[in-house]
Amino acid sequence: MKKEDFRLSANSATYEKSSPQTIRALFASIAKDYDQANDFASLGRHRVWNQKLIDSISPAQHLLDLCAGTGEIALGFLKTHPQSCATLVDFCPEMLHVAQHKGQKFAQRMRTICADAMELPFPKQTFDAVTLAYGIRNVAQPQTCLQEVFRVLQPQGTFSILELTRPSFAPLGWMHKLYTYTCLPLFGRYISNNASAYRYLAKSVQKFVAPQELCEMLSQCGFERIRTQSFLFGTATLITCKKPYLSQPSC
Ligand SMILES: C[S@@+](CC[C@H](N)C(=O)[O-])C[C@H]1O[C@@H](n2cnc3c(N)ncnc32)[C@H](O)[C@@H]1O
């Protein structure tokens, strides 16, 4: 789908139920400017949150970074852990190309795989840690994705989710809504001449389930030791959990 086609579907009545193809086209259209836009939109705060996510990963030999995008999380992990390797999965090849380009010096320790986070092409218990940053709200069926993570994670492995969320204190929630619906599309227009993509991203933040609900989904999948940490009045939330040593998936 071309950028122009994405603009049409993002503005249509079916906007709420964007298909995986539409989401993929959205990220393809902003891939080259994605990192710069993030710096603008979060005023650099996302770098601190990303580091918290990286710090939450238990010593891991092999990390799976889902919805890896331009590789910010996986590359940060490889920098901090010189003995480890990482597999980056995303269904948007344009985003993965940026990651490959940025990660040239880690080429021996990283691989990129174009696949859907709801259908992972790996045998069970392949990885000892999984990360998923700013991606779960875009996945069509989050529960299916969480089940897949449970399957490919080794017992005792850690799973860390970082997601943009909404402040629960109402006045802050209104300000946050105003900011996401007005400033994000403006940044999008300024940086990548694509306001509609950022309008979609703003809507996805406002409409996605609250962290508590995500924690319940994780618990239903069999994860344990589920912890949350919220940043900047709840505008981002880190959820960490573990796969039990002896585990039976319950979903
Ligand atoms: C907001 S970006 C996050 C990128 C990166 N994790 C980061 O920290 O900047 C979301 C990414 O999720 C990917 N994505 C969305 N749904 C997906 C799915 N079902 N399977 C694989 N990747 C998906 C998109 O292509 C996009 O690159």
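Residues numbered from 1 in each chain as written. Predicted model: local features only at pLDDT ≥ 70, side-chain atom pairs only at ≥ 80, totals over all residues. Heavy atoms only, no water.

With that settled, the discussion passes to the nonpolar core. Across soluble globular proteins, you tend to see nonpolar side chains buried next to one another. In terms of nonpolar packing, the biggest core is built from 31 residues, with Leu-64, Leu-66, Phe-159 and Phe-223 touching the most fellow members. For this core, the elements supplying multiple residues, two or more each, are β1 (62–66), β4 (127–133), α7 (142–152), β5 (153–164), α10 (211–221) and β7 (236–242). Apart from the residues lying within four places of it in its own chain, the contact partners of Leu-66 are Val-89, Ala-117, Leu-120, Val-130, Thr-131, Leu-132, Ala-133, Cys-145 and Val-149. By size, the runner-up hydrophobic cluster in this structure holds 19 residues, among which are Leu-26, Phe-27, Leu-184 and Ala-197. (Core = buried A, V, L, I, M, F, W, Y, C linked by side-chain atoms within 4.5 Å. Buried < 20%, exposed > 50% of the residue type's maximum accessible area, 1.4 Å probe, protein only. Helix = DSSP H or I, 4+ residues; strand = E, 2+ residues; numbered from the N terminus. Contact = heavy atoms within 4.5 Å.)

As far as domains go, the protein chain holds domain 1 (1–28 + 166–207) and domain 2 (44–165 + 209–251). Between the C-alpha centres of domain 1 and domain 2 the distance comes to 23 Å. Buried area between domain 1 and domain 2, both sides added, is near 1300 Å², and the carbon and sulfur share of it is 64%. Three residues, Arg-24, Phe-27 and Arg-166, lead the burial of domain 1 against domain 2; their summed loss comes to 40% of the area buried on that side. In this assembly, domain 1 and domain 2 are joined by zero salt bridges. On inspection of domain 1 and its partner domain 2, the count reaches three residue pairs in polar contact (both at pLDDT 80 or more). (Domains from an automatic or database assignment. Buried area = accessible area lost by both parts, 1.4 Å probe. Salt bridge = Lys/Arg side-chain N within 4 Å of Asp/Glu carboxyl O. Polar contact = N/O pair within 3.5 Å; in protein donor to acceptor, adjacent residues only side chain to side chain.)

A separate point is empty space enclosed by the protein. What the rule picks out here adds up to one cavity of 30 Å³ or more. Empty space within the largest cavity amounts to approximately 50 Å³. Lining the largest cavity we find Ile-161, Leu-162, Glu-163, Thr-165, Phe-208, Val-209, Ala-210, Pro-211, Leu-214, Thr-237 and Ile-239. Breaking the lining of the largest cavity down by element, the ones donating at least two residues are β5, α10 and β7. Here the element with the most residues in the lining of the largest cavity is β5; it accounts for three residues. (1 Å grid on protein atoms, 1.4 Å probe; cavity = no way out; pocket = protein on both sides within 12 Å on 5 of 7 lines; lining within 4 Å. Points joined across faces, edges and corners; volume = space filled by probe spheres on them.)

Our next topic: unusual backbone geometry. Here Gln-156, not a glycine, exhibits a phi torsion of approximately 75 degrees, which is positive. Tracing the backbone shows Gln-156 in strand β5. Assessed through its relative accessible area of 32%, Gln-156 is described here as partly exposed. For Leu-232, which is not a glycine, the phi torsion comes out positive at approximately 45 degrees. Take Leu-232: it is sitting in the loop between β6 (224–231) and β7.

Moving on to the pairing of strand β3 (residues 110–114). In terms of strand pairing, strand β2 (residues 85–90) meets β3 through five bridges, oriented parallel. In the strand pairing of β3, Leu-88 is matched with Thr-112. (Pairing = 2+ DSSP bridges.)

Around the ligand, 16 residues are found, and the nearest of them are Tyr-34, Cys-67, Asp-90, Ala-117 and Ala-133. Between the ligand and Phe-91, the relevant distance is 3.2 Å, taken from a nitrogen atom to a main-chain nitrogen or oxygen of the residue. Here a nitrogen atom of the ligand sits 2.8 Å away from a polar atom, N or O, in the main chain of Ala-133. Here the ligand, which alone exposes 600 Å², has 98% of that area covered by the protein. (Near = heavy atom within 4 Å. Areas by Shrake-Rupley, 256 points an atom, 1.4 Å probe, with all protein chains shown as cover.)

Below, the discussion takes up the layout of surface pockets. Considering only enclosed or pocket space, the second largest pocket measures out at about 250 Å³ in volume. Along the walls of the second largest pocket sit Arg-47, Asn-50, Gln-51, Ile-54, Glu-72, Leu-75, Gly-76, Lys-79, Lys-102, Lys-105 and Phe-106, which together make up its complete lining. Of all the elements in the fold, those that place two or more residues in the lining of the second largest pocket are α4 (45–56) and α5 (72–80). Across the lining of the second largest pocket, the residue classes break down as three nonpolar, three polar and five charged. (Nonpolar A, V, L, I, M, F, W, Y, C, P; charged D, E, K, R; others polar.)

The relative placement of two aromatic rings is captured by the distance of their centres and the angle of their planes. For the coordinates displayed, the defined rule picks out six aromatic pairs. Their ring planes at 10 degrees and their centres at 6.4 Å tell us that Trp-49 and Phe-231 sit as a pair that is stacked. On the criterion of sequence distance, the pair formed by Trp-49 in helix α4 and Phe-231 in strand β6 is long-range, its members being 182 residues apart. The class of Phe-231 is buried, set by a relative accessible area of 9%. Taken together, Phe-40, Phe-187 and Tyr-190 form an aromatic cluster joined through their ring pairs. Note that Arg-24 overlies the ring of Phe-91, its terminal NZ or CZ placed 4.7 Å from the centroid. (Phe/Tyr/Trp six-rings, centres within 6.5 Å; stacked < 30°, edge-to-face > 60°. Lys NZ or Arg CZ within 6 Å of the ring centre and 35° of its normal.)

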